[in-house]
There are 2 protein chains.
Amino acid sequence: MAQSRVSTVADLGEFALIDRITAGLPGSPAVSVGPGDDAAVFLVNGSAVVSVDLFVEGVHFRQEWSDPFDIGRKVVAASVADLEAMGATPVALVLGMTLPRDTAQAWVDQFAAGVRAEAERARIALVGGDISQADRIVVSASVTGQTDAWSPVLRTGAKPGQLVAFCGRLGWAGAGLAALARGFRSPKAVVDAHRCPAVPYGAGRIAAQAGAGAMIDVSDGLLADLAHMARASGVTINVESDRLDVAEPVGAVAAATGRDPLDFVLTGGEDHALVATFDLGDVPEGWLVIGSVEERAADDASFVLVDHVVWQSAPPGWTHF
Amino acid sequence: MAQSRVSTVADLGEFALIDRITAGLPGSPAVSVGPGDDAAVFLVNGSAVVSVDLFVEGVHFRQEWSDPFDIGRKVVAASVADLEAMGATPVALVLGMTLPRDTAQAWVDQFAAGVRAEAERARIALVGGDISQADRIVVSASVTGQTDAWSPVLRTGAKPGQLVAFCGRLGWAGAGLAALARGFRSPKAVVDAHRCPAVPYGAGRIAAQAGAGAMIDVSDGLLADLAHMARASGVTINVESDRLDVAEPVGAVAAATGRDPLDFVLTGGEDHALVATFDLGDVPEGWLVIGSVEERAADDASFVLVDHVVWQSAPPGWTHF
């Protein structure tokens, strides 16, 4: 990536690099100590809600498909989605990052600009981090949220009789990835969705306030993540396929690649929609009902069904090994 | 590392691997949701204190010098040291980890055992994590501590007239690294110190309670870290060399490698001793006075001196680029 005349992170050095990323960072009323000390210090209202996500070059993103600004945005969006999925409000973000020595300073500047842009949208404060050299880029994003006066919404709380509803997008990022993998750069809407998901910020808290039983964010794919929820709750979840819309650009990719468009919606990962269960009458505005929670018919019954049968298709979601 | 008959993490799969690491994890009264949901949930008393550290294979550790148990211990110890350096009490740890597909399951088991052993010593609860494949091992350790009723001790609070004192070890890990780099496996005490630092758990909180002005943990080397503190506080720190003891095994490595033993004590990193400033009469038991805080003589004066002159030696501390 770096040519001989490009200024690299090795030219800059570790501390100047950190200064460059953190200079003029906006403050937050909750944060009393930001970057620059051994640790950051901030207030948490209620319980702390904490998660970490890794983003590995060549696994979670490719430099030829995503520019550094988008990668920075995606790191924040995908991480904050875990807080949303607990019904928590985002508070603070710390980043760990390994960089090859020949990474251009401009790459880091654009990555940092993407982090800041998305952090502002997600209302989370970047409060610290760590940087090391390595032969490829790995970013770890650790996020802290707060419950305020609300109980966190776990994966274990789905109860038979509840409705299953989602908020956000399904199948967009997966369709974008499929398009990129075929060498296309369009449809732009789904390619952009792969580069950075459109997380429905604030919807998790609204679901918690509405009394959601269980909630998860769709990172591995709708069916895979509903199976995680159903297994944790000891229930079966049935999705009704006629309640699922296929967005126009997702349908276009399905047509171009000869795949079932529903397959993108049901198994495409990385959109970070929120999916939750609600008692009848409790489904908040902006959430779409797509199925229901049922008793498990038998110990060996499937945890997730589509129109009451097991969905047969491409691998149901992404697994790392 | 892995041979064809060794069971690898690729055989196991992501979710089984996580189950293996988290099975039977000890609980903590503060933690209401541990591993297995989108995020962990726990109580923080006072303000939250948060830091992240990266550990990169080939940069922070080498498999031929450290076994996985020691690497697991070091990840926890070095990370918790940042909380100690704020005067905070450790609460919760989340780990991110990239692993090559051919990593032996036994490696992960031993790493996890090391994490648990050190987490128990440091009194911090492992509450979650993320795992991904990559071509080398990178671990990110995110730690959360709490201030309780005490103010965090920052790098900025050193005041002229205060004494500088430390608690822990200086030069041990650096001497161990120097021995290993020369192909030796002894003296065992310093080689072990490189493999996992002996962090003085609890000493940070005691310093905060004693009214420490500024505090930092020695990760880059005593002079380098005191310079960070002095710069942040706008002061000069003078170290008196005759107050520094050279431990016997550190002296042995110095003799064998032809280096000044004081150089290990002043510039060796990764021991994670705590160094802090105190008003006269406030230095807690177990802390050794090694110098004092002075007014800066001029805008271009050095931030750190040894016996009132600039220390001349090998590079003063480790920088990543």
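Everything here concerns the structure above.
Cut-off values and rules
- Residues numbered from 1 in each chain as written.
- Chains lettered and ligands numbered in written order.
- Predicted model: local features only at pLDDT ≥ 70, side-chain atom pairs only at ≥ 80, totals over all residues.
- Heavy atoms only, no water.
- Helix = DSSP H or I, 4+ residues; strand = E, 2+ residues; numbered from the N terminus.
- Rg over C-alpha atoms; globule rule 2.2 N^0.38 Å.
- Buried < 20%, exposed > 50% of the residue type's maximum accessible area, 1.4 Å probe, protein only.
- Contact = heavy atoms within 4.5 Å.
- Phe/Tyr/Trp six-rings, centres within 6.5 Å; stacked < 30°, edge-to-face > 60°.
- Lys NZ or Arg CZ within 6 Å of the ring centre and 35° of its normal.
- Axes fitted to C-alpha atoms, helices over the stretch in contact; angles between N-to-C directions.
- Left-handed = near helix turned anticlockwise from the far one by under 90°.
- Nonpolar A, V, L, I, M, F, W, Y, C, P; charged D, E, K, R; others polar.
- Salt bridge = Lys/Arg side-chain N within 4 Å of Asp/Glu carboxyl O.
- Buried area = accessible area lost by both parts, 1.4 Å probe.
- Polar contact = N/O pair within 3.5 Å; in protein donor to acceptor, adjacent residues only side chain to side chain.
- Pairing = 2+ DSSP bridges.
- Least-squares fit on C-alpha atoms with pLDDT ≥ 70 in both.
- Expected span 1.5 Å × (residues − 1).
- Disulfide = S-S within 2.5 Å.

## A closer look at the overall build of chain A
In step 1: Of the regular secondary structure elements, chain A holds 10 helices and 12 strands.
In step 2: The C-alpha radius of gyration of chain A comes to 20 Å, within 12% of the 20 Å expected for a compact globule of 321 residues.
In step 3: Projected onto its principal axes, the C-alpha coordinates of chain A cover approximately 60 × 50 × 35 Å.
In step 4: Residues classed as buried in chain A amount to 58% of the 321 residues present.
In step 5: Here the contacts in chain A between residues at least 6 apart in sequence split such that 84% fall between residues at least 24 apart.

## A look at the packing of aromatic side chains
Two descriptors summarise a pair of aromatic rings, namely the distance from one centre to the other and the angle between the planes of the rings.
In step 1: Under the criterion given, the structure shown has 4 aromatic pairs over all chains.
In step 2: Arranged with centres 5.4 Å apart and planes meeting at 80°, the rings of Phe 278 of chain B and Trp 287 of chain B form a pair that is edge-to-face. Comparing Phe 278 of chain B with Trp 287 of chain B shows no difference in burial state: the two are buried.
In step 3: Taking the ring centre of Trp 65 of chain A as reference, the NZ or CZ of Arg 62 of chain A above it sits at 4.3 Å.

## Digging into the packing of helix α5 (residues 172–181) of chain A against helix α9 (residues 248–257) of chain A
Residues and elements named next belong to chain A.
In step 1: Look at α5 against α9: their axes get within 9 Å of each other, and the N-to-C directions meet at 40°. In the packing of α5 onto α9, the handedness of the crossing is left-handed. Facing α5, whose interface residues are Trp 172, Ala 175, Ala 178 and Ala 179, α9 presents Pro 249, Val 250 and Val 253.
In step 2: Residues belonging to the contact of α5 with α9 are distributed by class as follows: 7 nonpolar, no polar and no charged.

## Examining the pattern of salt bridges
In step 1: Under the definition given, this model contains 26 salt bridges over all chains.
In step 2: For Asp 109 of chain A, the salt bridge goes to Arg 20 of chain A, with nearest N and O atoms at 2.7 Å. Residue Asp 109 of chain A is found in helix α4 (residues 105–122), and its partner Arg 20 of chain A is found in helix α2 (residues 14–22); the two are separated by 89 residues along the sequence.
In step 3: By relative accessible area, Arg 20 of chain A is classed as partly exposed at 38%.
In step 4: Where Arg 136 of chain B meets Asp 135 of chain A, a salt bridge forms, and the shortest distance between an N and an O atom there is 3.2 Å. Of this pair, Arg 136 of chain B sits in the loop between β5 (125–133) and β6 (138–146) while Asp 135 of chain A sits in the loop between β5 (125–133) and β6 (138–146), placing the two residues on different chains.
In step 5: One network of salt bridges, in which partners are shared, links Asp 37 and Asp 38 of chain A together with Arg 155 of chain B.

## Some points on unusual backbone geometry
Residues and elements named next belong to chain A.
In step 1: Across the junction of Ser 186 and Pro 187, the peptide omega takes the value 0°, indicating a cis bond.
In step 2: Even without a glycine there, the phi angle at Arg 123 is positive, about 60°.
In step 3: With respect to the helices and strands, the residue Arg 123 is situated in the loop between α4 and β5.
In step 4: The phi torsion at Asp 307 lies on the positive side, around 50°, for a residue other than glycine.
In step 5: Summarising the element assignment, Asp 307 is placed in the segment after β12 (304–306).

## Let's talk about the interface of chain B and chain A
In step 1: With 62 residues of chain B at the contact, the number on the chain A side is 62 residues.
In step 2: Counting the surface lost from both chain B and chain A, the interface buries some 4,900 Å², and carbon and sulfur atoms represent 60% of this.
In step 3: Between the two partners, chain B and chain A, sit 6 salt bridges.
In step 4: Across the salt bridge formed by Arg 155 of chain B and Asp 38 of chain A, the nearest N and O atoms sit 3.2 Å from each other.
In step 5: For the interface between chain B and chain A, the tally reads 18 residue pairs in polar contact (both at pLDDT 80 or more).
In step 6: Ranked by residue count, the leading element in the side of chain B that touches chain A is strand β3 (residues 48–56) of chain B, at 8 residues.
In step 7: Per-class residue counts for the side of chain B that touches chain A are 33 nonpolar, 17 polar and 12 charged.
In step 8: One ladder, built from 3 bridges, connects strand β2 (residues 40–42) of chain A with β3 of chain B; its direction is antiparallel. Paired with Val 41 of chain A across the two strands is Val 49 of chain B, which belongs to β3 of chain B.

## Comments concerning the packing of helix α2 (residues 14–22) of chain B against helix α4 (residues 105–122) of chain B
Two numbers describe a pair of packed helices, the interaxial angle and the distance between the axes.
Residue and element names in this part refer to chain B.
In step 1: Remark: α2 packs on α4, axes separated minimally by 9 Å, with the N-to-C direction vectors making an angle of 35°. Seen along the crossing, α2 lies across α4 with a hand that is right-handed. Contact residues: α2 offers Leu 17, Arg 20, Ile 21 and Thr 22, while α4 offers Gln 105, Val 108, Asp 109, Ala 112 and Arg 116.
In step 2: When the residues that make up the contact of α2 with α4 are grouped by side-chain class, the tally is 4 nonpolar, 2 polar and 3 charged.

## Let's talk about the relation of the copies chain B and chain A
In step 1: Once turned by 180° and shifted 0.0 Å along the axis, chain B lies on chain A with an RMSD of 0.0 Å. Taken together, the turn and the small shift mark the pair as related by a two-fold rotation axis.
In step 2: Both copies present the same face, since 100% of the interface residues in chain B are matched by interface residues at the equivalent positions in chain A.

## Here's the deal with α4 of chain B
Residue and element names in this part refer to chain B.
In step 1: Taking 1.5 Å per residue, 18 residues should reach 26 Å; α4 reaches 26 Å between its end C-alpha atoms and fits that length.
In step 2: Residues of α4 that are buried: Gln 105, Trp 107, Val 108, Phe 111, Ala 112, Gly 114, Val 115, Glu 118, Ala 119 and Ala 122.
In step 3: Those residues of α4 that are buried lie in contact with α1 (9–12), α2, α3 (68–84), β4 (89–99), β5 and β6.
In step 4: Just downstream of α4, Arg 123 is the residue with a positive phi angle, here 60°.

## Observations regarding the environment of Gly 286 of chain B
All names here are of chain B.
In step 1: Relative to the helices and strands, Gly 286 is located in the loop between β10 (274–278) and β11 (288–294).
In step 2: Under the relative-accessibility criterion, Gly 286 is labelled exposed at 56%.
In step 3: Sequence separation between Gly 286 and Ala 104 is 182 residues; the distance between their C-alpha atoms is 42 Å.
In step 4: Those residues within four positions of Gly 286 in sequence are excluded, and the remaining contacts are Phe 166 and Cys 167.

## A few points about the sheet that holds β12 of chain A
Residues and elements named next belong to chain A.
In step 1: Taken together, the 6 strands give an open sheet; going across it, the order is β8-β10-β7-β11-β9-β12, and neighbouring strands pair in mixed fashion. Two strands close off the open sheet at either side, each with one partner strand: β8 (215–217) and β12. Sheet twist, expressed as the mean angle between neighbouring strand axes with direction ignored, is 25°.
In step 2: With 4 bridges joining them, strand β9 (residues 236–239) and strand β11 (residues 288–294) adopt antiparallel strand pairing. Note that in β11 the partner of Val 239 across the bridge is Gly 291.

## Details of the state of the cysteines
Residues and elements named next belong to chain A.
In step 1: Applying the stated criterion across every chain, the model contains 0 disulfides over all chains.
In step 2: Unpaired in terms of disulfides, Cys 196 finds its nearest cysteine sulfur in Cys 167, a separation of 16 Å.
In step 3: On the accessibility criterion, Cys 196 (6% relative accessible area) is buried.

## Side note on the pairing of strand β3 (residues 48–56) of chain A
Residues and elements named next belong to chain A.
In step 1: A large share of β3 lies buried, amounting to 9 of its 9 residues.
In step 2: Where β3 meets β6, 9 bridges bridge the pair, whose relative direction is antiparallel. When the bridges of β6 are listed, Ser 51 appears paired with Val 143.

## Thoughts on the sheet that holds β3 of chain B
In step 1: Read from one edge to the other, the open sheet built from 6 strands follows the order β1(A)-β2(A)-β3(B)-β6(B)-β4(B)-β5(B), with strand pairing classed as mixed. Edge positions in the open sheet fall to β1 (31–33) of chain A together with β5 of chain B, since each of these has one partner strand only. Looking at each pair of strands side by side, their axes are set apart by 20° on average, direction ignored.
In step 2: Sitting on the sheet, α2 of chain B touches β4 and β5 of chain B, and the angle it makes with β5 of chain B is about 155°.
In step 3: Relative to β4 of chain B, α4 of chain B is tilted by about 165°, and along the sheet it contacts β4, β5 and β6 of chain B.

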